Amino acid sequence: MIKENLEYVEKNIRKACEKAGRKREDVTLIAVSKTKPVSDIREAMACGITVFGENKVQEIRDKTAEITEPLSWHMIGHLQANKVKYLPGVACMIHSVDNRKLADEIEKQAAKHDLVMDVLVEVNMAHEDTKFGLSPDEAIDFVKEISTLPHLNIRGFMTIAPYTEDPESNRVYFKGLRELKDQVNSLSIPGVHMDTLSMGMTGDYEVAIEEGATFVRVGTGIFGERDYSKKA
Ligand SMILES: *Cc1c(COP(=O)(O)O)cnc(C)c1O
(Lines give C-alpha, C1' and ligand atoms only; values in the text may rest on other atoms or scores of the structure.)
Protein backbone atom coordinates (compact mmCIF):
# COMPACT_ATOMS: atom_id res chain seq x y z
CA MET A 1 0.00 0.00 0.00
CA ILE A 2 2.87 2.39 0.82
CA LYS A 3 4.25 2.03 -2.70
CA GLU A 4 0.89 2.89 -4.29
CA ASN A 5 0.39 5.78 -1.87
CA LEU A 6 3.80 7.18 -2.70
CA GLU A 7 3.11 6.95 -6.41
CA TYR A 8 -0.15 8.84 -5.91
CA VAL A 9 1.48 11.54 -3.77
CA GLU A 10 4.34 11.89 -6.25
CA LYS A 11 1.89 12.33 -9.11
CA ASN A 12 0.08 15.08 -7.21
CA ILE A 13 3.33 16.84 -6.33
CA ARG A 14 4.31 16.84 -10.00
CA LYS A 15 0.92 18.20 -11.02
CA ALA A 16 1.09 20.99 -8.45
CA CYS A 17 4.62 21.91 -9.53
CA GLU A 18 3.54 22.01 -13.14
CA LYS A 19 0.53 24.15 -12.34
CA ALA A 20 2.68 26.60 -10.41
CA GLY A 21 5.51 26.64 -12.97
CA ARG A 22 7.93 25.21 -10.42
CA LYS A 23 10.57 22.54 -10.80
CA ARG A 24 9.90 19.19 -9.14
CA GLU A 25 13.35 19.19 -7.57
CA ASP A 26 12.56 22.42 -5.72
CA VAL A 27 10.04 20.56 -3.53
CA THR A 28 11.16 17.89 -1.06
CA LEU A 29 8.70 15.32 0.22
CA ILE A 30 9.19 14.56 3.90
CA ALA A 31 7.63 11.20 4.72
CA VAL A 32 6.20 11.65 8.21
CA SER A 33 6.70 8.28 9.87
CA LYS A 34 5.67 9.14 13.44
CA THR A 35 3.99 6.24 15.28
CA LYS A 36 4.81 3.96 12.33
CA PRO A 37 7.09 0.93 12.63
CA VAL A 38 10.54 0.58 11.14
CA SER A 39 9.15 -1.92 8.64
CA ASP A 40 7.00 0.85 7.12
CA ILE A 41 10.02 3.12 6.89
CA ARG A 42 11.96 0.36 5.14
CA GLU A 43 9.11 -0.05 2.67
CA ALA A 44 9.27 3.66 1.85
CA MET A 45 13.06 3.45 1.56
CA ALA A 46 12.66 0.66 -0.96
CA CYS A 47 10.65 3.14 -3.06
CA GLY A 48 13.49 5.64 -2.94
CA ILE A 49 12.41 7.81 -0.02
CA THR A 50 15.35 9.16 2.01
CA VAL A 51 13.78 12.04 3.95
CA PHE A 52 11.70 11.29 7.03
CA GLY A 53 9.94 13.41 9.64
CA GLU A 54 9.27 12.59 13.27
CA ASN A 55 7.67 14.64 16.04
CA LYS A 56 9.17 12.98 19.12
CA VAL A 57 12.82 12.97 20.11
CA GLN A 58 12.67 9.50 21.62
CA GLU A 59 11.18 8.09 18.43
CA ILE A 60 13.88 9.66 16.22
CA ARG A 61 16.51 8.23 18.54
CA ASP A 62 15.01 4.74 18.51
CA LYS A 63 14.52 4.69 14.76
CA THR A 64 17.94 6.08 13.88
CA ALA A 65 19.52 3.51 16.20
CA GLU A 66 17.82 0.76 14.24
CA ILE A 67 18.07 2.17 10.71
CA THR A 68 21.67 3.10 10.05
CA GLU A 69 21.44 3.78 6.33
CA PRO A 70 22.16 7.40 5.42
CA LEU A 71 18.79 9.15 5.62
CA SER A 72 17.71 12.68 6.47
CA TRP A 73 15.64 12.94 9.64
CA HIS A 74 13.64 16.09 10.30
CA MET A 75 12.37 17.04 13.74
CA ILE A 76 8.98 18.52 12.91
CA GLY A 77 7.19 18.41 16.26
CA HIS A 78 7.04 20.62 19.32
CA LEU A 79 10.34 20.39 21.14
CA GLN A 80 11.27 20.87 24.78
CA ALA A 81 14.63 22.47 25.47
CA ASN A 82 15.76 19.61 27.71
CA LYS A 83 15.51 17.15 24.79
CA VAL A 84 17.59 19.18 22.34
CA LYS A 85 20.81 17.52 23.43
CA TYR A 86 19.85 14.32 21.63
CA LEU A 87 19.39 15.94 18.23
CA PRO A 88 22.75 17.22 16.92
CA GLY A 89 24.14 14.62 14.55
CA VAL A 90 20.76 12.85 14.47
CA ALA A 91 18.30 15.39 13.03
CA CYS A 92 19.36 17.43 10.02
CA MET A 93 16.80 20.17 10.66
CA ILE A 94 14.52 21.36 13.45
CA HIS A 95 11.25 22.78 12.11
CA SER A 96 9.68 23.95 15.36
CA VAL A 97 11.73 26.78 16.86
CA ASP A 98 9.34 29.24 18.48
CA ASN A 99 10.95 30.52 21.67
CA ARG A 100 14.22 31.99 22.85
CA LYS A 101 14.92 29.32 25.45
CA LEU A 102 14.74 26.60 22.81
CA ALA A 103 16.92 28.58 20.38
CA ASP A 104 19.53 29.14 23.10
CA GLU A 105 19.61 25.44 23.92
CA ILE A 106 20.02 24.50 20.24
CA GLU A 107 22.87 27.02 20.07
CA LYS A 108 24.52 25.44 23.11
CA GLN A 109 24.16 21.84 21.96
CA ALA A 110 25.16 22.53 18.36
CA ALA A 111 28.25 24.38 19.59
CA LYS A 112 29.12 21.42 21.79
CA HIS A 113 29.01 19.17 18.72
CA ASP A 114 30.87 21.75 16.66
CA LEU A 115 28.14 21.95 14.04
CA VAL A 116 25.62 24.46 12.74
CA MET A 117 22.00 23.32 13.03
CA ASP A 118 19.54 24.18 10.29
CA VAL A 119 16.34 25.49 11.86
CA LEU A 120 12.94 26.81 10.85
CA VAL A 121 10.87 29.24 12.87
CA GLU A 122 7.36 27.91 13.43
CA VAL A 123 4.54 30.35 12.75
CA ASN A 124 0.94 29.86 13.81
CA MET A 125 -0.59 31.55 10.79
CA ALA A 126 -4.23 31.02 11.78
CA HIS A 127 -3.73 32.07 15.43
CA GLU A 128 -5.07 28.73 16.65
CA ASP A 129 -4.95 28.37 20.45
CA THR A 130 -4.25 24.66 20.15
CA LYS A 131 -1.07 25.10 18.15
CA PHE A 132 2.48 26.11 18.94
CA GLY A 133 4.37 28.70 16.97
CA LEU A 134 4.73 32.47 16.95
CA SER A 135 2.12 34.80 15.54
CA PRO A 136 3.11 36.32 12.19
CA ASP A 137 3.59 39.69 13.94
CA GLU A 138 6.12 38.25 16.36
CA ALA A 139 8.01 36.16 13.84
CA ILE A 140 10.23 38.80 12.27
CA ASP A 141 11.48 40.23 15.56
CA PHE A 142 12.18 36.71 16.74
CA VAL A 143 14.21 35.96 13.61
CA LYS A 144 16.24 39.13 14.23
CA GLU A 145 16.72 38.15 17.85
CA ILE A 146 18.08 34.67 17.18
CA SER A 147 19.99 35.64 14.04
CA THR A 148 23.04 36.41 16.18
CA LEU A 149 23.35 32.81 17.41
CA PRO A 150 26.32 31.46 15.45
CA HIS A 151 25.40 27.75 15.56
CA LEU A 152 21.89 28.23 14.19
CA ASN A 153 21.26 28.57 10.48
CA ILE A 154 17.77 30.03 10.09
CA ARG A 155 16.65 28.49 6.82
CA GLY A 156 13.03 29.65 6.80
CA PHE A 157 9.56 29.19 8.25
CA MET A 158 7.29 26.28 9.08
CA THR A 159 3.55 26.28 9.64
CA ILE A 160 0.87 23.75 10.48
CA ALA A 161 -2.31 24.97 8.84
CA PRO A 162 -5.74 24.28 10.36
CA TYR A 163 -7.30 20.90 9.80
CA THR A 164 -9.85 21.32 7.05
CA GLU A 165 -11.81 19.39 4.46
CA ASP A 166 -11.23 22.20 2.00
CA PRO A 167 -7.53 22.72 1.21
CA GLU A 168 -8.31 25.98 -0.61
CA SER A 169 -9.23 27.54 2.71
CA ASN A 170 -5.59 27.17 3.80
CA ARG A 171 -4.18 28.93 0.75
CA VAL A 172 -4.28 32.28 2.54
CA TYR A 173 -1.99 30.94 5.30
CA PHE A 174 0.52 29.43 2.88
CA LYS A 175 0.60 32.62 0.84
CA GLY A 176 1.00 34.61 4.05
CA LEU A 177 3.97 32.51 5.13
CA ARG A 178 5.65 32.98 1.76
CA GLU A 179 5.14 36.75 2.04
CA LEU A 180 6.61 36.68 5.54
CA LYS A 181 9.68 34.91 4.19
CA ASP A 182 10.03 37.45 1.38
CA GLN A 183 9.71 40.25 3.93
CA VAL A 184 12.50 38.77 6.06
CA ASN A 185 14.74 38.48 3.01
CA SER A 186 14.05 42.09 2.02
CA LEU A 187 15.29 43.22 5.45
CA SER A 188 18.78 41.80 4.77
CA ILE A 189 19.26 40.71 8.39
CA PRO A 190 22.95 39.82 8.72
CA GLY A 191 23.42 36.06 8.41
CA VAL A 192 19.82 35.37 7.41
CA HIS A 193 18.73 34.34 3.96
CA MET A 194 15.58 32.24 3.95
CA ASP A 195 15.22 29.61 1.22
CA THR A 196 12.86 27.18 2.94
CA LEU A 197 9.11 26.99 3.54
CA SER A 198 7.89 23.87 5.33
CA MET A 199 4.14 23.81 4.76
CA GLY A 200 1.45 21.43 3.56
CA MET A 201 0.38 18.04 4.93
CA THR A 202 -1.76 15.21 3.58
CA GLY A 203 -4.87 17.37 3.28
CA ASP A 204 -3.36 20.39 1.63
CA TYR A 205 0.13 19.81 0.22
CA GLU A 206 -0.81 20.61 -3.39
CA VAL A 207 -2.08 24.06 -2.45
CA ALA A 208 1.04 24.59 -0.31
CA ILE A 209 3.25 23.74 -3.29
CA GLU A 210 1.33 26.20 -5.46
CA GLU A 211 2.10 28.85 -2.84
CA GLY A 212 5.80 28.08 -2.63
CA ALA A 213 6.38 25.18 -0.20
CA THR A 214 9.88 23.71 -0.44
CA PHE A 215 9.12 20.96 2.09
CA VAL A 216 5.78 19.18 2.29
CA ARG A 217 5.25 16.91 5.31
CA VAL A 218 3.03 13.99 4.39
CA GLY A 219 2.19 11.23 6.87
CA THR A 220 -1.27 9.71 6.49
CA GLY A 221 -1.17 10.05 2.71
CA ILE A 222 1.84 7.71 2.62
CA PHE A 223 1.60 5.43 5.64
CA GLY A 224 -2.17 5.45 6.29
CA GLU A 225 -4.04 6.44 9.44
CA ARG A 226 -2.07 6.54 12.68
CA ASP A 227 -3.11 4.43 15.62
CA TYR A 228 -2.26 6.26 18.83
CA SER A 229 -3.59 3.48 21.03
CA LYS A 230 -0.51 1.33 20.57
CA LYS A 231 3.17 2.21 20.61
CA ALA A 232 5.20 2.20 17.40
C1 LIG B 1 1.88 14.46 11.87
C2 LIG B 1 2.43 15.68 11.23
C3 LIG B 1 2.39 15.84 9.84
C4 LIG B 1 1.75 14.85 8.89
O5 LIG B 1 0.37 14.93 8.97
P6 LIG B 1 -0.57 14.12 7.94
O7 LIG B 1 -1.85 14.85 7.99
O8 LIG B 1 -0.66 12.72 8.47
O9 LIG B 1 0.07 14.18 6.62
C10 LIG B 1 2.96 16.99 9.32
N11 LIG B 1 3.54 17.92 10.10
C12 LIG B 1 3.60 17.79 11.44
C13 LIG B 1 4.26 18.84 12.24
C14 LIG B 1 3.06 16.67 12.04
O15 LIG B 1 3.13 16.55 13.38
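Right above here is the structure, for reference.
Read on for a plain summary of the structure. These figures come from a predicted structure and were not determined experimentally.

## What to know about helix 6 (residues 171-186)
In a regular helix each residue adds 1.5 Å, so 16 residues correspond to 22 Å; helix 6 covers 23 Å between its end C-alpha atoms and thus fits that length. Along helix 6, the residues classified as buried are Arg171, Phe174, Gly176, Leu177, Leu180, Lys181 and Val184. Of the surrounding elements, those touching the buried residues of helix 6 are helix 5 (136-146), strand 6 (152-158), strand 7 (196-198) and helix 7 (205-210). Looking one or two residues past helix 6, Ser188 carries a phi angle of roughly 45°, positive in sign.

## Some details on the nonpolar core
Phe52 and Phe157 are the most contacted members of the largest nonpolar core, which totals 65 residues. A per-element tally of this core places helix 1 (residues 2-20) first, with six residues. Formed by eight residues, the second largest nonpolar core is a distinct cluster that contains Ile30, Val51, Leu120 and Met158.

## Digging into helix 3 (residues 57-66)
Listed as buried for helix 3 are Val57, Glu59, Ile60 and Lys63. Looking down the long axis of helix 3, one finds its buried residues gathered within 160° of arc, a one-sided arrangement. For helix 3, the exposed residues lying more than 90 degrees away from the buried face are Ala65 and Glu66. Buried positions along helix 3 lie against helix 2 (38-46), strand 2 (51-54) and strand 3 (72-75).

Reading guide: rules and limits
Residues numbered from 1 in each chain as written. Predicted model: local features only at pLDDT ≥ 70, side-chain atom pairs only at ≥ 80, totals over all residues. Heavy atoms only, no water. Helix = DSSP H or I, 4+ residues; strand = E, 2+ residues; numbered from the N terminus. Expected span 1.5 Å × (residues − 1). Buried < 20%, exposed > 50% of the residue type's maximum accessible area, 1.4 Å probe, protein only. Contact = heavy atoms within 4.5 Å. Core = buried A, V, L, I, M, F, W, Y, C linked by side-chain atoms within 4.5 Å. Arc of directions from axis to C-beta.

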